[in-house]
Structure formats: structure tokens, C-alpha cells
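Descriptive structure summary
Spelled out from the first residue to the last, the chains are:
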Amino acid sequence: MATRITRLLGIQHPIVQAGMSWASSSAALPAAVSNAGALGVLAAGPLRLQDFGRTLDELAGATDKPYAVNIPLYRPQAAQLLDAMVDRKVPVVIASQGGPRAHLQRFRDYGAVWIQVVSTLEHAKKAADAGVDALVVVGGEAGGHPPANEVSTLVTVRRVLQEVQIPVIAGGGVADGWGIAALLALGADAVQLGTRFLLTEEATVHANYKAAVLAADVHDTVLVGRRSLPVRGIRNAFAQAIFDAERDQLAQEDYDLLFKKSTLKQAALDGDVEWGKVELGQSAGLVSRIAPAAMVVAQLVRELAQASARLHTMTAPHS
Ligand SMILES: Cc1cc2nc3c(=O)[nH]c(=O)nc-3n(C[C@H](O)[C@H](O)[C@H](O)COP(=O)(O)O)c2cc1C
């Protein structure tokens, strides 16, 4: 299947493994996904500068296919991480949480592709105006940081496509080839999946984390932290403490302390799935097993072909 994104990135399938802090912060998952013909994404978020350089070298040594690095631009160390990416000529940058304008030129100079993550029409337009090559557009079902207004993927992506001309990678709530077909039919050029790739052998999160994602159904996630930077996570003791704080109208300072005390690292590294932030999307309820990433990509491609064939038979003239 050829789309504007497969051509722009030089990948075989219109499928992107979403950058996920901790889960895709070592080379294993992105290398396996890229080697399977989709786009693997290393999440730089939690990495210290010295570990980042080493991990980038590992990833470049583990695949000769295109891969990307997801970088949250608000991080204090972002400037040094970007320098390391330029030094190593990382082929694809997927930037989130910060404006791209100041950084684009030096990535352009060596031929990199710059993709910006957005979750609202306003940010999509701003990024397109700044001159990015493509967008990742994420809707309300997504794990991590969906739009605070929770407008769904189906609606957010379609709205962005009405206004923006550059290629769009859509995501949030997709865990199988049927979901991919749906968003391609909507007008997206590729689809990004996060939660689906959490349940792979290569994802580097604690076994407790994977077990919690595996056990979750589609209604077991909640948007937590509406008075801060909301995350979609599992309904656990931490989420309940935040809801109680909102009900009791806790002072903002104390609310912020409570919200920040719990971290993704606590869940992903230490396995504390009760008091840590267990980020996952609604699509967790669509996945029922942990598999090697290459098998996941192969299955997604098969399902996408089945879904496309189904649409085709619906439109074929009846004999
Ligand atoms: C555990 C986890 C960690 C995430 N970390 C990041 C991150 O570091 N940077 C980022 O841009 N998005 C991050 N996200 C969001 C994903 O990139 C992606 O947008 C989202 O998972 C897509 O929705 P889905 O989970 O329904 O597939 C994270 C998501 C999860 C589940």
C-alpha cells in the first residue's frame, strides 16, 4: 500500500509504532518494527544525554530501514538531545509538546523529515504554517496525552484533514488492521498505534504494567489530571486520589504536588501499577495477547488487507 507517508519516509506499510516513554526508549522495539517494514519510533523522553547517544547508535546498528526519534521539546535537555540527533543524522524526527520553528532548518539541511504531534486543529494549523513535513494527529481515545477536550480520533482527524494539506498520520484508539483501514478511509496517510505495541515482547515496561494493560477492557481507562496536564491511564488508586482531590477542591499547589508525585516511571520501571501513572489507551480492550513486534506488524498488515477487501466487495458491481 503506497501513501504520501510511505513515500515520504520510504517505509513499506502505512503503520507507525507510536513513541512511548519507557516502552520504546530502548532500541529493541523500534528496531523490530522498522525491520518489519513499518516505522519504529524511539522515545527520547526519559533518556539521559549519555544513554541517548548510546541508544541511538544501537538502533542505527540494529536496522538499515528508516526509523524515527520522538522528542518532547519542552524538556530542559531538549537542545542537547537535538544536537545528538543532528550529529547522527537521525532520518525522521517526531516532535511533541513544543513549537518546531526554531529547529526545522538544521534538520532540513541534512535531509531529515520533521513530523509534529498535535491533538487540536489550532496546533495542527500552527505546525503546518511553520513548515513541518507531516503531522501526527491524536484523538481522545489515545494513551498518554490525548486532547484535554477528549474529542475523538474520528472527529479530530477529519476536522484537521478539512483544513490542512500536508500528510497526516492518525492515531488514538487503533489496535488492529480494521482501525487502520478506517482511518485511511477517512483520509489519513498512515496510522500510529501505541497501546497495541505496549503488548509486545520488545516493549520495555515492567511485567505488572503489561499484565494491567492486558487485563484492561475498553472502559477501564480514565482521563486523569484535568487541572494539570491530563493523561489517559488506568483506573487505579492514583486516579481515584486525583478524582477525590478534584471533588474536595484541593488547593492548586497541593493538587500539582499530588499529580506529579505519581510517575510513569514508577509504573513502567518499578511495576507499581496502583500508585504509578499507567498510561494506556482505550484500545487496550481490543488486544488479548503479548506477541513479538514483527508478528504484530504482520498481523496488522493482514487485517488491513482483509478490511480493504471487504470494502472493495461492497463497492464491486453485483453479478
Ligand atoms: C505508555 C505510553 C507512553 C507514551 N509516551 C509518549 C511520549 O513519550 N511522547 C509522545 O509524543 N507520546 C507518547 N505517548 C502517546 C503515543 O505516542 C500515542 O499518541 C498514543 O499511544 C496513541 O494512542 P493509542 O495508545 O490508542 O494507540 C505515550 C503513550 C503511552 C501509552
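No experiment lies behind these values; they were computed from the predicted model shown.

Moving on, we come to the domain arrangement of the chain. Structurally, the chain comprises domain 1 (4-205 + 284-307) and domain 2 (208-268). Distance from the C-alpha centre of domain 1 to the C-alpha centre of domain 2: 24 Å. Contacts between domain 1 and domain 2 engage 26 residues on the former and 16 residues on the latter. Around 1700 Å² of area is buried between domain 1 and domain 2 when both sides are counted, 68% of it from carbon and sulfur atoms. The tally of links from domain 1 across to domain 2 stands at two salt bridges. The partner of Glu150 in a salt bridge is Arg232, with the nearest N and O atoms 3.1 Å apart. Along the contact surface separating domain 1 from domain 2 lie nine residue pairs in polar contact (both at pLDDT 80 or more). Among the residues forming the side of domain 1 that touches domain 2, the class breakdown is 12 nonpolar, 10 polar and four charged.

Moving on, we come to the site of the ligand. Inspection of the region around the ligand gives 21 residues, with Ser21, Asn70, Gly173, Gly194 and Thr195 positioned closest. Asn70 is positioned with one of its side-chain polar atoms (N or O) 2.8 Å from a nitrogen atom of the ligand. With respect to the ligand, the side chain of Ser96 contributes an N or O atom lying 3.1 Å from an oxygen atom.

Of the volumes computed, that of the second largest pocket is approximately 150 Å³. The leading source of residues in the lining of the second largest pocket is helix α14 (residues 293-315), at four residues. By residue class, the composition of the lining of the second largest pocket is five nonpolar, two polar and four charged.

The final tally for this structure, using the stated rule, is 14 salt bridges. Among the salt bridges present, the one from Glu122 reaches Lys126, with a minimum N-O distance of 3.5 Å. Placement of both Glu122 and Lys126 in helix α6 (residues 121-130) is noted, with a separation of four residues, approximately one turn of the helix. Connected through salt bridges with shared partners, the residues Arg48, Asp51, Arg54 and Glu58 form a single ionic network.

Below, the discussion takes up the environment of Ala128. With respect to the element layout, Ala128 can be found in helix α6. A relative accessible area of 25% places Ala128 in the partly exposed class. Residues Ala128 and Leu250 lie 122 residues apart in sequence; the distance between their C-alpha atoms is 39 Å. Contact partners of Ala128, with chain neighbours within four places excluded, come to Val164 and Ile166.

Another point: the sheet that holds strand β6 (residues 134-138). In space, the eight strands of this open sheet follow the order β1-β8-β7-β6-β5-β4-β3-β2, with parallel pairing throughout. The sheet terminates laterally at β1 (15-17) and β2 (40-43), the two strands that pair on one side only. When the angles between neighbouring strand axes are averaged without regard to direction, this sheet yields 25 degrees. Here strand β3 (residues 67-72) pairs with strand β4 (residues 92-96) via five bridges, running parallel. Within β4, the residue paired with Val69 across the bridge is Val93.

Here is what the cut-offs are and how they apply
Residues numbered from 1 in each chain as written. Predicted model: local features only at pLDDT ≥ 70, side-chain atom pairs only at ≥ 80, totals over all residues. Heavy atoms only, no water. Domains from an automatic or database assignment. Contact = heavy atoms within 4.5 Å. Buried area = accessible area lost by both parts, 1.4 Å probe. Salt bridge = Lys/Arg side-chain N within 4 Å of Asp/Glu carboxyl O. Polar contact = N/O pair within 3.5 Å; in protein donor to acceptor, adjacent residues only side chain to side chain. Nonpolar A, V, L, I, M, F, W, Y, C, P; charged D, E, K, R; others polar. Near = heavy atom within 4 Å. 1 Å grid on protein atoms, 1.4 Å probe; cavity = no way out; pocket = protein on both sides within 12 Å on 5 of 7 lines; lining within 4 Å. Points joined across faces, edges and corners; volume = space filled by probe spheres on them. Helix = DSSP H or I, 4+ residues; strand = E, 2+ residues; numbered from the N terminus. Buried < 20%, exposed > 50% of the residue type's maximum accessible area, 1.4 Å probe, protein only. Pairing = 2+ DSSP bridges. Axes fitted to C-alpha atoms, helices over the stretch in contact; angles between N-to-C directions.

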